[in-house]
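So the chains spell out like this:
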Amino acid sequence: MQRRDFLNALALGAGIVLPLGPHAWAATASASATRRKLVVVMLRGAVDGLNVVAPVGDENYLRLRPTIGLAAPGMEGGALDLDGYFGLHPALASLQPLWQHKKLAFVHASGSPDATRSHFDAQDYMESATPGRKNTPDGWMNRLVAALPGSATPSRLLGIGPVMPRILAGTAAAVNLPNVASAAKADVLDRPEVAAAFDALYGGHPRFGRAYADGRSAHREVLDTAIEKDHDSAPMMAADRGAPLPNGFPDDAARLATLMRNDPRIQLAFVALGGWDTHAAQGAGSGQLANRLAPLGQGLALLAERLGPLFDDTLVVVMSEFGRTARENGNGGTDHGHGNVMWLLGGNVNGGKVYGEWEGVGDAALNEGRDLPVNTDFRSVLAQVSERHLLLGDKQLAQVFPAMPQRTAAFQVVKG
Amino acid sequence: MRPHPLPVLLLCAALCAQPALAGAAPPAPPAPLAPEQQAAHVLNRLAFGPRPGDVERVTRMGVGRWIDEQLQPEAIALPAALAARLDGLGTVTRSAGASLEEYLALRRQVRDEDEGARQRRRERDARVAREAAEARLLRALESPRQLEEVMVDFWYNHFNVFAGKGIDRALVTSYENEAIRPHALGSFRDLLGATAKHPAMLFYLDNAVSSAPDPNPKAKRKGGLNENYARELMELHTLGVDGGYTQQDVTELARMLTGWTFDQRRLAAGGEGFRFDPKRHDQGSKIWLGQAIAPDGQREGERALDVLALHPTTARHVSRQLAQYFVSDDPPQALVERMTATWRASGGDIRAVLRTLFASPEFMSTEAAGAKFKTPYQFVLSALRASGVAVANVGPLTNTMSQLGMPLYGCQTPDGYKNTQEAWLNPDALTRRIAFATALAGGRLPLAAFQPATQPATQSAPAPLPLDPAALQAALAGSLSPRTLGIVSQGPARLRAAMLLGSPDFMQR
């Protein structure tokens, strides 16, 4: 506690000394806090956590899932052994080295305490971090960036996706980049005459002036980074011979890593991926779910690889609005459930372990007789990340996660 | 609260030139909208923005009369040129069965690793997608039945089906033309039933494969319940997520709807869309929304739709969504309540509910005018309409919608696209809209003719001309602020058209 307060004071004090330039700024003592990064990957549509980290050692597992259950480790298409009881989906083989190096951990039977099985409400709650409360105006990542020490720049809070997500909405500036790698290209507003015309229209405009200004400054920041990066990442590009990656996420993950390496101001990043609502024909070791998990795993592994040493200061959280039914339904799929599994990756993770209170998947252990219970509130995991990794103080923690239940996670998945 | 009798509402619509009538009017609004502003307002809301001459025409005929006309689209003829172009879109005019037959045949050929089948399938998919977009966008741009097209946009998102899911690629045009458009201003119960029974929805939300659990566990094809459609039917289509139902109600409704399905082969071969399969139906009794439901086959589902369509909670939920689409992101509760009352009194007559909405002082108010941030769809369409440019190739329109995060028929989730500012306003979106406005105003969008990539360009199409800023300004009369007009008049002449279409005023409707 005392040590953390000291660090906060240090970080705050250093933040007051205005930097002369981004690089000089990054080299100051304030970097001890701002160097720490958080990347949140949200799987919209409720990924089937029981087939991501599958309790293959539970006698009930294959009884509940006769056609979609993962085979035991060692069998064809079987799960990859994690700890003798849980097995990782084989499509996530690219994450195995991170598990072995103890930079990957899971929190099972976790999620939102709210009982809703609506995708949209549950995503909203996970993004506002106020389950059950719909009128929260902002997202928790926006509150988090406001609470962190250091000066605000628009690119400090970054989203990648077609639209500004709820989790980034709020009073602090945030930037959203489109998925395709076109963000770092010159645009029409780089022509001085056009820029002057639209600056006049949008400058000080009460409704759109801020969004316009944020867009311009973010574009300049990204352009500067892109110009610097060319020589910097050339060896990396040469190593994979410029081959396009198979699916969208690895591309975005690679670009995110490049942006983060080149722009020390980027501290919090968010990516959302869809296509997890597998009500029918989700498959087991191969099939629909496997086809979605594979590029996700590849992208995460690529992010870790391309961040290089920065990965040790980065924590990646993968989460989804709720889990899916423990039993497969009549169509080789699963319906909306409750508890799920959270994934944590990074140098500050106490990895190589599946955390969380686990009671098995016997009938008596299931929530409402149909799905995993939520034994760990997702906010207590995020709070631990904020506190131990991002060095957030108690007061700020209460701002980011208001009305948090008293009970904190009984485990330490994040290193202190 | 009882609704106003209909004649009073009609009178109110006709008299909207003098807003804030006595009666249910809220506290006196600020300066009322001038006639030209009213015309621009209704063209921005009941249409996809004004075309050149529209504001003048609607001002002259009176907004009340124009609204009445729009509420009766069946009495408005489509222009012959538009009808002829729509008739020429072969993959749109054919039946769902014919479309599916072609889709399945090509899929078989690809599976048989027929040489060239993949290429043929790619070309077919591209043509189906292009023609579907063309049909939708041409109507939205050129149909004089603008409110009908606006309601197609609204209801398609309300009952969203994602074209990228399997066979739905072949079915969405039929879904839009047979389940949505005919009921866009009709009875909500009919609309609900048409969407419930269309193969595109049965496939998208999996009800087609839902069935009673098979008592024989060794049966080759295992049956089982799929809750997907039943849940979204209550959560999104009718009651709303806070509609007071439980997980048990979802399961019970799913059981009542077992057997509501379609058969791909029968659809492809004989055009049979919906079928009720008694073998899949759960014959047991159910308890749904507190009511005991005796076993009654297909009628269980029909009664469920009856109950849901007329449920007060549905009336309020959908009324609020309509008010949000047409008035403001957070619409006035008093208006929602009056629309709800009309819904209940009229048995879910969409036209009557809209009449209440359009006749309300809340709709025809200075607070409402310009309050909505355009969705990418509305922004692109309104820019083309204001420009008066003829569109032969819709490619630049669909590409821009995709870049802005709103690909046509491409919303993956069943809640459809939102229409609020919070959902669409972000820094990147403004830059992209400005880029589109600048390209359109400069005559640099390839709108003239569609050239398949496989064919060499025989003769270059006539290059579209840069837009005339004076004509654009006249077309947009009533929705441009003095601030914008002042700044534009100071701008370089060749950028003025771009400045108008990229202005803050043009981002809102």
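Residues numbered from 1 in each chain as written. Chains lettered and ligands numbered in written order. Predicted model: local features only at pLDDT ≥ 70, side-chain atom pairs only at ≥ 80, totals over all residues.

1. Notes on the overall build of chain B
Selection criterion: Helix and strand assignments follow DSSP, with helices taken as H or I runs no shorter than four residues and strands as E runs no shorter than two, numbered in order from the N terminus. Residues are called buried when their C-beta atom has 20 or more other C-beta atoms within 10 Å, exposed when it has 12 or fewer, and partly exposed otherwise; all C-beta atoms are positioned from the backbone. Residues are scored as being in contact if the C-beta atoms we place from backbone atoms lie within 7 Å.
Regarding its fold elements, chain B presents 27 helices and four strands. By the burial criterion, 51% of the 509 residues in chain B qualify as buried. Of all intrachain contacts in chain B linking residues separated by at least 6 positions in sequence, the fraction that spans at least 24 positions is 71%.

2. Quick look at the overall build of chain A
Helix and strand counts for chain A come out as 14 helices and twelve strands. Within chain A, buried positions represent 56% of all 416 residues. Here the analysis covers contacts within chain A between residues at least 6 apart in sequence; of these, 74% occur between residues at least 24 apart.

3. Quick word on the interface of chain B and chain A
Chain B puts 43 residues into the contact, and the matching count from chain A is 42 residues. Of all the elements in the fold, those that place two or more residues in the side of chain B that touches chain A are helix H13 (228–237), helix H22 (421–424), helix H23 (427–441), helix H25 (482–490) and helix H27 (504–507) of chain B. Sort the elements by how many residues they give to the side of chain B that touches chain A and H23 of chain B lands first, with seven residues.

4. Focus on the environment of Trp343 of chain A
All names here are of chain A. Along the chain, the position of Trp343 falls in strand S10 (residues 340–346). Distance from Trp343 to Val317, taken between C-alpha atoms, is 5.6 Å for residues 26 residues apart in sequence. Setting aside chain neighbours within four positions, we find Trp343 in contact with Phe106 and Val318.

5. Quick notes on the packing of helix H7 (residues 96–111) of chain B against helix H8 (residues 117–142) of chain B
Residue and element names in this part refer to chain B. Convention followed: Here the axes come from fitting lines to C-alpha atoms, over the contacting stretch only for helices, and the angles between their N-to-C directions go from 0 to 180 degrees. For classification purposes, an angle smaller than 35 degrees is called roughly parallel, one larger than 145 roughly antiparallel, one from 65 to 115 roughly perpendicular, and anything else oblique. Two helices cross in a left-handed way if the nearer one is turned anticlockwise from the farther one by less than a right angle. They cross in a right-handed way if the turn is clockwise. Charged residues are taken to be Asp, Glu, Lys and Arg, nonpolar residues to be Ala, Val, Leu, Ile, Met, Phe, Trp, Tyr, Cys and Pro, and polar residues to be all remaining types, Gly included.
The contact between H7 and H8 brings their axes to 8 Å, and the two run at 155°. Comparing the axis directions of H7 and H8 gives the class roughly antiparallel. Two packed elements cross with a definite hand, and for H7 against H8 that hand is left-handed. Residue-level inspection shows Glu102, Leu106, Gln109 and Val110 of H7 in contact with H8, the latter providing Ala117, Arg118, Arg120, Arg121 and Arg124. Considering only residue class, the contact of H7 with H8 consists of three nonpolar, one polar and five charged.

6. With respect to the packing of helix H18 (residues 333–346) of chain B against helix H19 (residues 350–358) of chain B
Residue and element names in this part refer to chain B. For the pair H18 and H19, the least separation of the axes is 8 Å and the interaxial angle reads 155°. Viewed along their axes, H18 and H19 adopt a mutual orientation that is roughly antiparallel. With respect to the hand of their crossing, H18 and H19 are arranged in right-handed fashion. Here Arg338, Met339, Thr342, Trp343 and Ser346 of H18 come into contact with H19, specifically with Ala352, Val353, Thr356 and Leu357. Split by residue class, the contact of H18 with H19 holds five nonpolar, three polar and one charged.

7. A closer look at the environment of Leu305 of chain B
All names here are of chain B. With respect to the element layout, Leu305 can be found in helix H16 (residues 298–310). Residues Leu305 and Met234, 71 residues apart in the sequence, show an inter-C-alpha distance of 9.8 Å. Not counting residues up to four positions away in its chain, the partners in contact with Leu305 are Arg189, Leu192, Gly193 and Ala196.

8. Some points on the pairing of strand S5 (residues 104–111) of chain A
Residues and elements named next belong to chain A. Put simply, the rule is: Two strands pair if DSSP finds at least two bridges between them.
Burial within S5 is extensive, with eight of its eight residues counted as buried. As paired elements, S5 and S10 share five bridges and run antiparallel to each other. Bridge pairing in S10 links Val107 to Met342. Pairing analysis gives three bridges linking S5 to strand S11 (residues 353–355), with the strands arranged parallel. Following the sheet pairing, Phe106 is matched in S11 by Val354. Here S5 runs beside strand S12 (residues 376–377); their pairing, made up of two bridges, is parallel.

9. A closer look at the pairing of strand S9 (residues 314–320) of chain A
On a regular strand, each side chain points to the face opposite its neighbour's, so the side chains alternate between the two faces of the sheet. Residue and element names in this part refer to chain A. With seven of seven residues buried, S9 lies mostly within the body of the structure. Alternating residues of S9 divide into Thr314, Val316, Val318 and Ser320 and Leu315, Val317 and Met319, and every residue in both groups is buried. Alignment of strand S1 (residues 37–43) against S9, held across seven bridges, turns out to be parallel. By the bridge assignment for S9, Met42 is matched with Met319. Pairing analysis gives four bridges linking S9 to S10, with the strands arranged antiparallel. Within the sheet, the bridge partner assigned to Leu315 lies in S10 and is Gly346.

10. Quick word on the sheet that holds strand S4 (residues 87–88) of chain A
Residue and element names in this part refer to chain A. Read from one edge to the other, the open sheet built from three strands follows the order S2-S4-S3, with strand pairing classed as antiparallel. At either margin of the open sheet sits one strand with a lone partner, and together these are strand S2 (53–54) and strand S3 (80–81). In this structure, S3 lies alongside S4, joined through two bridges in antiparallel fashion. Looking at S4, one finds that Leu80 is bridged to Leu88.

11. Details of H18 of chain B
Residue and element names in this part refer to chain B. Going by this rule: Residue count minus one, scaled by 1.5 Å, sets the expected span of a helix.
With 14 residues, H18 should reach 20 Å at 1.5 Å per residue; the first-to-last C-alpha distance of 20 Å fits that figure. Considered for burial, the residues of H18 that qualify are Leu335, Val336, Arg338, Met339, Thr340, Ala341, Thr342, Trp343 and Arg344. Looking at the residues trailing H18, positive phi occurs at Gly347, about 70°.

12. Observations concerning the environment of Met234 of chain B
Mapped onto the elements, Met234 of chain B comes out in helix H13. With residues near it in sequence (within four places) discarded, Met234 of chain B still touches Leu239, Gly243, Tyr245, Val250, Leu253 and Leu308 of chain B.

13. Here we look at the nonpolar core
Here is the rule: What we call a nonpolar core is a set of buried Ala, Val, Leu, Ile, Met, Phe, Trp, Tyr and Cys residues whose membership is set by joining through C-beta atoms within 7 Å.
In this structure, Met141 and Met342 of chain A together with Leu253 and Leu501 of chain B are the most contacted members of the largest nonpolar core, which totals 264 residues. With ten residues, helix H12 (residues 288–307) of chain A is the single largest residue contributor to this core. In this structure Met141 of chain A touches Val40, Leu157, Ile167, Leu168, Leu268 and Phe270 of chain A, once residues within four positions along its chain are discounted.

14. A short note on H13 of chain B
Within H13 of chain B, ten of the ten residues are buried, which leaves it mostly tucked inside the rest of the structure. Buried residues in H13 of chain B make contact with helix H9 (146–158), helix H11 (188–197), helix H14 (247–256) and H16 of chain B.

15. Re the confidence of the model for chain B
Residues and elements named next belong to chain B. The cut-off we apply is this: Every residue is assigned a pLDDT by the predictor, reflecting its confidence on a scale from 0 to 100.
Looking at chain B, the pLDDT average stands at 90 and 89% of residues meet or exceed 70. A low-confidence stretch, residues 1–23 (pLDDT under 50), is modelled with 44 contacts involving residues beyond four sequence positions or located in other chains. Taken as a whole, residues 451–460 scores under 50 in pLDDT and shows one contact with residues more than four places along the chain or in a different chain.

16. Thoughts on the confidence of the model for chain A
All names here are of chain A. Per-chain confidence: chain A averages 83 in pLDDT, with 83% of residues scoring 70 or above. Counting interchain partners and residues more than four positions distant, the pLDDT-below-50 stretch residues 1–32 has 30 contacts. Counting interchain partners and residues more than four positions distant, the pLDDT-below-50 stretch residues 227–246 has ten contacts.

17. Let's talk about unusual backbone geometry
The residue Lys102 of chain A is not glycine, and still its phi comes out positive at about 60°. With respect to the element layout, Lys102 of chain A can be found in the loop between helix H5 (96–100) and S5. If you check the backbone angles, Asp206 of chain B has positive phi at about 70° while not being a glycine. Along the chain, Asp206 of chain B falls in the loop between helix H12 (199–204) and H13. A residue is classified by how many C-beta atoms lie within 10 Å of it, and Asp206 of chain B, with 25 of them, is buried.

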